[in-house]
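Each chain, letter by letter, is given below.
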Amino acid sequence: MSALTRTALGLGLAFLYAPILVLVAYSFNASALVTVWGGFSTRWYATLIADGPLIAAAWTSLKVALASAAIATGLGTLAALALERHGRFAGRGLFTGLVYAPMVMPEVITGLSLLLLFVGIGLDRGLFAIVVAHATFGTGFVAVIVAARLRGLDRSLEEAAADLGAAPARVFASVTLPLIAPSVAAGFLLAFTLSLDDLVIASFVAGPGATTLPMRLYSQVRLGVNPEINAASTLLLATAGVLVLTATWLTGRRTVA
Amino acid sequence: MTRSRLLDALVRLPPWLWLSAFFLVPFAITLKISLSEAATAMPPYLPVLDWKGGLEGWSTFLEALHFQNYETLAGDALYRDAALSSLAFAGTATAILAGVGTALAYAMARAPSRWQPLLVALVVVPFWTSFLIRVYAWIAILKPEGLLNAALLRLGLIPAPLEILNTQGAVLIGLVYAYLPFMVLPLYAVMSRLDPTLREAAADLGAGPTRVFWTVTLPLSAAGLRAGALLCFIPMCGEFIIPDLLGGSDTLMLGRVLWSEFFSNRDWPLASAVAVVLLVLVVGPIVLFRGDARKAGAEAAR
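Cut-off values and rules
Residues numbered from 1 in each chain as written. Chains lettered and ligands numbered in written order. Predicted model: local features only at pLDDT ≥ 70, side-chain atom pairs only at ≥ 80, totals over all residues. Heavy atoms only, no water. UniProt positions renumbered as here; feature names shortened; annotations may be inferred. Helix = DSSP H or I, 4+ residues; strand = E, 2+ residues; numbered from the N terminus. 1 Å grid on protein atoms, 1.4 Å probe; cavity = no way out; pocket = protein on both sides within 12 Å on 5 of 7 lines; lining within 4 Å. Points joined across faces, edges and corners; volume = space filled by probe spheres on them. Patch = residues over 30% accessible without salt bridge, like charges linked within 9 Å, V, L, I, M, F, W, Y side chains within 5 Å. Areas by Shrake-Rupley, 256 points an atom, 1.4 Å probe, with all protein chains shown as cover. Salt bridge = Lys/Arg side-chain N within 4 Å of Asp/Glu carboxyl O. Buried < 20%, exposed > 50% of the residue type's maximum accessible area, 1.4 Å probe, protein only. Axes fitted to C-alpha atoms, helices over the stretch in contact; angles between N-to-C directions. Parallel < 35°, antiparallel > 145°, perpendicular 65-115°, else oblique. Left-handed = near helix turned anticlockwise from the far one by under 90°. Contact = heavy atoms within 4.5 Å. Nonpolar A, V, L, I, M, F, W, Y, C, P; charged D, E, K, R; others polar. Buried area = accessible area lost by both parts, 1.4 Å probe. Polar contact = N/O pair within 3.5 Å; in protein donor to acceptor, adjacent residues only side chain to side chain.

Within an unreviewed UniProt entry, the label attached to chain B reads Putrescine transport system permease protein PotH, and the organism entered is Methylobacterium jeotgali. Annotation of chain B in UniProt includes, under Sequence similarities (unreviewed entry), the sentence "Belongs to the binding-protein-dependent transport system permease family. CysTW subfamily." For the record of chain B, the UniProt heading Subcellular location (unreviewed entry) holds the text "Cell membrane".

In the annotation of an unreviewed UniProt entry, the entry for chain A reads Inner membrane ABC transporter permease protein YdcV, and the organism field reads Methylobacterium jeotgali. The record in UniProt for chain A states the following under Sequence similarities (unreviewed entry): "Belongs to the binding-protein-dependent transport system permease family. CysTW subfamily." According to UniProt, the comment filed for chain A under the heading Subcellular location (unreviewed entry) is "Cell membrane".

Have a look at this one:
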């Protein structure tokens, strides 16, 4: 490996990780000041556990993430099957756009327009609205992961099952689904993570009734740097790390997403 | 045959219905409300369509719509500046990302193959990590009494703390940082699978490493670069969190303007008009992205 390659890798990874490491390190700082190291302490984690509204927001987020990821996984898997296994159909271009556009659409647009829909049809803002919103943008991410796996599959396996007389539904249940199951699970984990992370869309559709963890964190972050937020962030980072490792292991591939 | 076509249609139906109802229809509603006016009621806009009014209800409803909000947007320099500076921020950050991302992705692709899975995982982890938290982390680094200034002062490189937080520079740093994985992953996916014999052939014919990179590697990686650029540029145009936390009060971006019209001024129709303008700015790139999405997404997922 050349010196140039090594330098580029070193600088790139340092840039990606330095802020995260700083944040984690200062979550264990006894001092409340960010630039002063006051010794090792876990006091901010104790503050965190005693922070009722924050814990309540974390539970809300968890519920929303589980429900929305489940819906997104179902819809995303179906969308991937439609795009990869079911050939050409009328409106395919629009369908492809509808599946993939929510992934890049600026969140303020998605958030505002969903809110206007919910108000227009008289749906109460709150938990259910956030679940619907998160399921909508999670679908595209699940579809990308599952579609990639479907494309890599040996189609002759499905054809063999069909030749041996299995009905399409049976081919799917006993051949296709077991083969794509790891990527479906990885898609679920990604949709779950994205839901847990979303601030902007949730802020629009949540209304006064529901507060998710990022909304709670944001309201505190706006007031400035605060070691308790560092502690919360460290726990979230650890959760994300575990989820990535699980997803990578599930897909058995080099990477996910 | 008919049975399997019926099955195909059934597979498509749930995502069709869901995405039409919760992604397509909302845009139509946003467009309609951008033609309404603000009101102190719930919902806080006029006119509200009276479904029971029949044809007459429709015509009074349509007559009440107007382009007032767009006139406001066009007439006020604040909104024009916000639109231009959104494009400028997103464009500049995408250009920087193209350079940084290409360097990092190329280095990853040239690293020993046994290291590559680890390197990819290291780039993916931040993508899975909370966006809000990764942006927040920069506040402690960039603020006047923050770590960067402390380090520079101790090294004697600067006489007094630099004002970095709450400037446009901080917003650019935040954009480049937060979106780097989106640029690197599609680029790496293409670069890691380039046929090495092409590079060797160019080298055998006498091209130096720099020339090989510019004339062989980079043109062959164009698809990855394009996908990465779109993945970054489109959401950056409407970015809210980064300008809000790292930018100053004078940092205008459409995402932030939309947010404050909605949450602070409670002017839903004007916020809707800003959303429509933002959508018009990104719709071209989104159409391009749709074509790339399947390819790029598949590459990135490999």
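**Notes on the UniProt feature "transmembrane region" (unreviewed entry) in chain B**
All names here are of chain B. Taken from the UniProt record, the annotation "transmembrane region" (unreviewed entry) applies to residues 16-35, 82-106, 118-139, 169-191, 212-236 and 268-289. Spanning residues 16-35, this segment combines 90% helix with 0% strand, and its end C-alpha atoms are found 28 Å apart. The straight-line gap between the two end C-alpha atoms of residues 82-106 is 35 Å; of that span, 100% is helix and 0% is strand.

**Some thoughts on the UniProt feature "domain: ABC transmembrane type-1" (unreviewed entry) in chain B**
The feature "domain: ABC transmembrane type-1" (unreviewed entry), as given by UniProt, occupies residues 83-289 of chain B in the numbering adopted here. Taken as a whole, residues 83-289 of chain B contains 77% helix and 0% strand, while its terminal C-alpha atoms sit 21 Å from one another.

**Section: the UniProt feature "transmembrane region" (unreviewed entry) in chain A**
Residue and element names in this part refer to chain A. The feature "transmembrane region" (unreviewed entry), as given by UniProt, occupies residues 56-83, 95-121, 127-150, 171-193 and 229-250 in the numbering adopted here. Along residues 56-83, the helical share is 100% and the strand share 0%, with 40 Å between the first and last C-alpha atoms. Annotated as 100% helix and 0% strand, the span residues 171-193 places its first and last C-alpha atoms 31 Å apart.

**Focus: empty space enclosed by the protein**
Per the counting criterion, the structure on display carries 7 cavities of 30 Å³ or more. Considering only enclosed or pocket space, the largest cavity measures out at about 500 Å³ in volume. As for the largest cavity, its lining consists of 28 residues, of which A:M103, A:E107, A:L194, B:F131 and B:F182 are closest to the centre. Of all the secondary structure elements, the ones that give two or more residues to the lining of the largest cavity are α4 (92-104), α5 (107-120), α6 (127-152), α8 (168-197) and α9 (200-206) of chain A together with α6 (131-142), α8 (168-191) and α11 (222-237) of chain B.

**Some details on a nonpolar patch on the surface**
Residue and element names in this part refer to chain A. A cluster of nonpolar side chains, namely I55, W59, L62 and L66, defines an oily patch on the protein surface of about 370 Å² accessible area. Its location among the elements puts L62 in helix α3 (residues 52-85). Assessed through its relative accessible area of 32%, L62 is described here as partly exposed.

**A few points about the environment of B:R199**
One can find B:R199 in helix α9 (residues 196-204). Considering only alpha carbons, one finds B:R199 and B:T215, 16 residues apart in sequence, at a separation of 9.5 Å.

**Concerning the packing of helix α4 (residues 77-110) of chain B against helix α5 (residues 116-128) of chain B**
All names here are of chain B. With their axes 9 Å apart at the nearest point, α4 and α5 run at an angle of 155 degrees to one another. Taken together, α4 and α5 sit at an angle that is classed as roughly antiparallel. In this structure, the crossing between α4 and α5 has a hand that is left-handed. Side by side, α4 and α5 meet where M108, A109 and R110 of the first sit next to Q116, L119, V120 and V123 of the second. Of the residues in the contact of α4 with α5, the class split is 5 nonpolar, 1 polar and 1 charged.

**A closer look at the interface of chain B and chain A**
Listed as interface residues are 97 residues of chain B and, on the opposing side, 96 residues of chain A. Between chain B and chain A, the buried area comes to about 8,700 Å², and carbon and sulfur atoms account for 80% of it. Put simply, chain B and chain A have 1 salt bridge between them. A:R222 serves as the salt-bridge partner of B:D244, at 3.6 Å between the closest nitrogen and oxygen. Summed over the shared surface of chain B and chain A, the result is 8 residue pairs in polar contact (both at pLDDT 80 or more). Counting residues per element, the side of chain B that touches chain A draws most heavily on helix α1 (residues 2-33) of chain B, which supplies 21 residues. Tallied by class, the residues present in the side of chain B that touches chain A amount to 75 nonpolar, 11 polar and 11 charged.

**Observations concerning the pattern of salt bridges**
According to the stated counting rule, one finds 5 salt bridges over all chains in the structure shown. With its nearest N and O atoms 3.0 Å apart, the salt bridge here joins A:R85 to A:E158. With A:R85 in helix α3 and A:E158 in helix α7 (residues 155-163), this residue pair connects regions lying 73 residues apart in the sequence. Within the structure, one salt-bridge network assembled from shared partners comprises A:R222, B:D244 and B:R256.

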